[in-house]
Amino acid sequence: MITKFDSSYVGTVDMENLGYLGTPINDRWYSNDQLAGALHKSVTYAKKMDGLGYDTFWMAEHHFQPEGTECIPNLLMLAMHLVNQTRNLKIGCGFNVVPMWHPLRLAEDYAVADILSGGRVIFGVARGYHTREVETFGSPLTDQDANRELFEEGVDILFKAFTEERFSHKGKYYTLPPEVPYRGYTLKEISLVPRPQRLPVECWQPIQSGSPRAFDFMAKHGISGVIGGGSAEGGAVDRHMTEFRAAYARRGIQLELGEKLALGYQFRIAESREAAMRGAATAYEENMKMFGELRLVRAITEEQIAAMRNPALVPNTKLPRIEDAVKAGGFLAGTPADIIEQLKAVEKRYPGLERVICTMPLGTPLSVTLEQIERFASEVMPAFKPMKAAAD
């Protein structure tokens, strides 16, 4: 049963000239004041959500993007600011890119956030998908095998640091601690000071390829998963749901279908489905321009990528349209009743699913975002409240 509604924000400026026929992503360049403004937008966004019944506000870690697309470099620092600007809203790290961090530094920073926020900051980990970011920090991404190895070893260290009073680690990438003399003895173990107060640490991870290795690793650490694109991928989502559950079963943990998972959707509310699609079409296309060639959208061809980079090629290229996403179920568009109907069907299909993350496409103006999340809270979310809570 769906009981938790979230939203997410990757840290974008308000963009102009959106869509496939608009300004190519690589041609966008914003001033430092505009880029800094993306951080202030997060405060406005979170304050609006607070008190409307939303559970968690998710943000994404990214670096070096003067194009204005993803402008939040430190989730935990911003999360602590947002905790002090809101009263009830949880702040989610969606996600800390582990290969760009020393795992002990990340563990320390999260522990501080957990303690000082009273548990309102939710942890999240990912491997990364921008070569400009990960490789610039000196870690592999073009070498996917090395990236996964580094990620998995880093996460192993994180959970050791969170849960063990004293620990050591010897792996391919890290030896912790180094055996060096210290105050009259040879260092053999270290302790994270302080450790998080809420254990086990609630941790989330995005699901992309959904390999058995990835699911087994998540189950090993009790990690929950976020499947983006709602049900847009159809069979792929069903497969992810089933194989995630099977990985936990291999460790003796029985989950309902959808349990410990969240589905991510984009949405637009309007007086009709057609009006909603018209209103969101260019932002949806901008979103595709950004993410289409970064391993985050399946079945994108080289011809389509070339057209997304060059508006002159668009008229003669078949590109993903918002109508396709709505038909497939990945984009919620229409009246509140339309959206309720879709989510009720998802709830029935995946009885263990408790959380959905509903957000606006990249480039949507802040004013539209605020109006939409308020409408969603007042006109969609009440349909999913238990009867007693709704009566209260």
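Our subject is the structure listed above.
In this text, all values refer to a predicted model and were calculated from it rather than measured experimentally. Counting from 1, residues in each chain are numbered in the order their sequence is written. Per-residue local features are limited, in this predicted model, to residues with pLDDT of at least 70; the limit for side-chain atom pairs, both in listing and counting, is 80 or more; totals at the level of whole chains, interfaces and linings are taken over all residues. For side-chain calculations, the full set of non-hydrogen atoms in the structure is used, while hydrogens and water are omitted.

**Q** Mind showing me how you'd approach the pairing of strand S10 (residues 203–207) here?
**A** Each regular strand carries side chains that alternate between the two faces of the sheet. Each residue is placed in one exposure class: buried if its accessible area under a 1.4 Å probe, protein chains only, is under 20% of its type's maximum, exposed if it is over 50%, and partly exposed if it falls in between. By definition, any uninterrupted DSSP run of H or I lasting at least four residues is a helix, any uninterrupted run of E lasting at least two residues is a strand, and each is numbered from the N terminus. With four of its five residues buried, S10 lies for the most part within the structure. Bridge analysis of strand S5 (residues 121–126) against S10 gives two bridges, and the strand direction is parallel. Pairing of Phe123 across the sheet is with Cys203, part of S10. Two strands are counted as paired when DSSP detects at least two bridges linking them. When S10 meets strand S11 (residues 224–227), the two strands line up parallel, connected through four bridges. Bridge assignment links Gln205 to a residue of S11, and that residue is Gly225. With the strands pointing away from the viewer, any crossover whose connection runs clockwise from the first strand over the helix to the second is right-handed. At this point the chain moves from S10, through helix H6 (residues 212–221), to the parallel S11, and the crossover so formed is right-handed.

**Q** Sorry if this is basic, but what is going on with the pairing of strand S12 (residues 261–269) here?
**A** Burial analysis of S12 places nine of its nine residues in the buried class, which makes it a mostly covered element. Where burial is concerned, the two faces of S12 agree: the one with Leu261, Leu263, Tyr265, Phe267 and Ile269 and the one with Ala262, Gly264, Gln266 and Arg268 are both buried. Where S12 meets strand S14 (residues 355–359), five bridges bridge the pair, whose relative direction is parallel. Its bridge partner lying in S14, Gln266 is registered against Thr359. Pairing of S12 with strand S13 (residues 331–334) involves four bridges; the strand directions are parallel. If you follow Ile269 over to S13, its bridge partner there is Gly334.

**Q** Would you take a moment to explain the packing of helix H11 (residues 336–349) against helix H12 (residues 366–379) for this structure?
**A** The relative placement of two packed helices is expressed as an angle between their axes plus a distance between the axes. Convention adopted: a line fitted to C-alpha atoms gives each axis, helices being fitted over their contacting stretch, and angles between N-to-C directions are expressed from 0 to 180 degrees. Following both chains from N to C, one finds H11 and H12 inclined at 65 degrees, their axes separated by 10 Å at the closest point. It follows from the interaxial angle that H11 and H12 lie roughly perpendicular. Relative to H12, H11 is oriented so that their crossing is right-handed. Residue-level inspection shows Pro336, Ile339, Ile340 and Leu343 of H11 in contact with H12, the latter providing Arg375, Phe376 and Glu379. Three categories are distinguished: nonpolar for Ala, Val, Leu, Ile, Met, Phe, Trp, Tyr, Cys and Pro, charged for Asp, Glu, Lys and Arg, and polar for the others, with Gly belonging to the last. A class-by-class count of the residues in the contact of H11 with H12 yields five nonpolar, no polar and two charged. For classification purposes, an angle smaller than 35 degrees is called roughly parallel, one larger than 145 roughly antiparallel, one from 65 to 115 roughly perpendicular, and anything else oblique. Definitions for this section: a left-handed crossing has its near helix turned counterclockwise from the far helix by less than a right angle. A right-handed crossing has that turn clockwise. Contacts are assigned to residue pairs with any non-hydrogen atoms lying within 4.5 Å of each other.

**Q** Please explain helix H9 (residues 302–309) as it appears in this structure.
**A** Think of an α-helix as turning once every 3.6 residues; residues three or four places apart then point the same way. Residues of H9 that are buried: Gln304, Ile305, Ala307 and Met308. For H9, the angular spread of buried residues about the axis comes to 160 degrees, placing them on one side. Exposed residues on H9 whose side chains face more than 90 degrees from its buried face are Glu302 and Glu303. Buried residues belonging to H9 abut helix H8 (273–291). The reported arc concerns the directions from the helix axis to the C-beta atoms and nothing else.

**Q** Could you clarify how one ought to interpret the state of the cysteines in this entry?
**A** Two cysteines, two sulfur atoms, one covalent bond between them: this is a disulfide. Counting rule for disulfides: a pair of cysteine sulfur atoms within 2.5 Å. With the rule as written, the count across this model stands at zero disulfides. Between Cys71, a free cysteine, and Cys93, which holds the nearest cysteine sulfur, the sulfur-to-sulfur gap is 17 Å. Considering cysteine sulfurs only, Cys203 is the nearest to Cys93, which forms no disulfide, with 9.4 Å between them. On the accessibility criterion, Cys93 (0% relative accessible area) is buried.

**Q** How should the nonpolar core be read in this particular structure?
**A** As a rule of thumb, nonpolar side chains are buried together in soluble globular proteins. By size, the foremost hydrophobic cluster in this structure holds 101 residues, and its most contacted members are Phe57, Leu263, Leu343 and Phe376. If you tally residues by element for this core, the top one is helix H5 (residues 144–163), at eight residues. When sequence neighbours within four positions are dropped, the list of residues in contact with Phe376 reads Phe5, Tyr54, Phe267, Ile269, Ile339, Leu343, Cys358 and Met381. Put simply, a nonpolar core is a bunch of buried Ala, Val, Leu, Ile, Met, Phe, Trp, Tyr and Cys residues held in one set by side-chain atoms that sit within 4.5 Å of each other.

**Q** Just to check I follow, could you spell out the pattern of salt bridges for this structure?
**A** Side chains carrying opposite charge are able to pair once their charged atoms draw close together. The salt bridge criterion pairs a side-chain nitrogen of Lys or Arg with a carboxyl oxygen of Asp or Glu, the two atoms within 4 Å. In the structure shown here, the tally under the stated rule is 24 salt bridges. For Glu374, the salt bridge identified is with Lys48, shortest N-O distance 2.6 Å. Of this pair, Glu374 sits in helix H12 while Lys48 sits in helix H1 (residues 32–49), and the two are 326 residues apart along the sequence. Sharing partners across several salt bridges, the network here consists of Glu16, Arg28, Glu286 and Lys289.

**Q** I'm lost on the environment of Glu347 in this one. Help?
**A** Relative to the elements of secondary structure, Glu347 occurs in helix H11. Residue class for Glu347 comes out buried when judged on its relative accessible area of 14%. Under the rule applied, a polar contact is a pair of N or O atoms within 3.5 Å (in protein, one hydrogen donor and one hydrogen acceptor; residues adjacent in sequence only if both atoms are side-chain atoms). A distance of 2.8 Å separates the side chain of Glu347 from the backbone nitrogen of Ile2, its partner in a polar contact.

**Q** I'm lost on the side chain of His169 in this one. Help?
**A** By the element assignment, His169 lies in strand S6 (residues 169–170). Within the structure, His169 has its side chain in polar contact with the side chain of Glu153 (distance 2.8 Å). In this structure the side chain of His169 is engaged in a polar contact, spanning 3.4 Å, whose partner is the side chain of Lys160. Among residues more than four places away in sequence, those in contact with His169 are Glu153, Ile157, Lys160, Tyr174, Thr175 and Leu176.

**Q** Mind showing me how you'd approach unusual backbone geometry here?
**A** Across the chain, the bulk of peptide bonds are trans and the bulk of non-glycine residues have phi less than zero. Omega for the bond connecting Leu176 with Pro177 falls within 30 degrees of zero, at -10 degrees, which places this linkage in the cis form. Locating Pro177 in the fold gives a position in the loop between strand S7 (175–176) and strand S8 (181–182). Omega for the peptide link from Val193 to Pro194 comes to -10 degrees, which places this bond in the cis form. If you trace the backbone, Pro194 turns up in the loop between strand S9 (185–186) and S10. For Arg183, which is not a glycine, the phi torsion comes out positive at approximately 45 degrees. For Arg183, the position within the fold is in the loop between S8 and S9. Non-glycine residue Lys260 carries a positive phi angle of around 65 degrees. Within the secondary structure, Lys260 is located in the loop between helix H7 (235–250) and S12.

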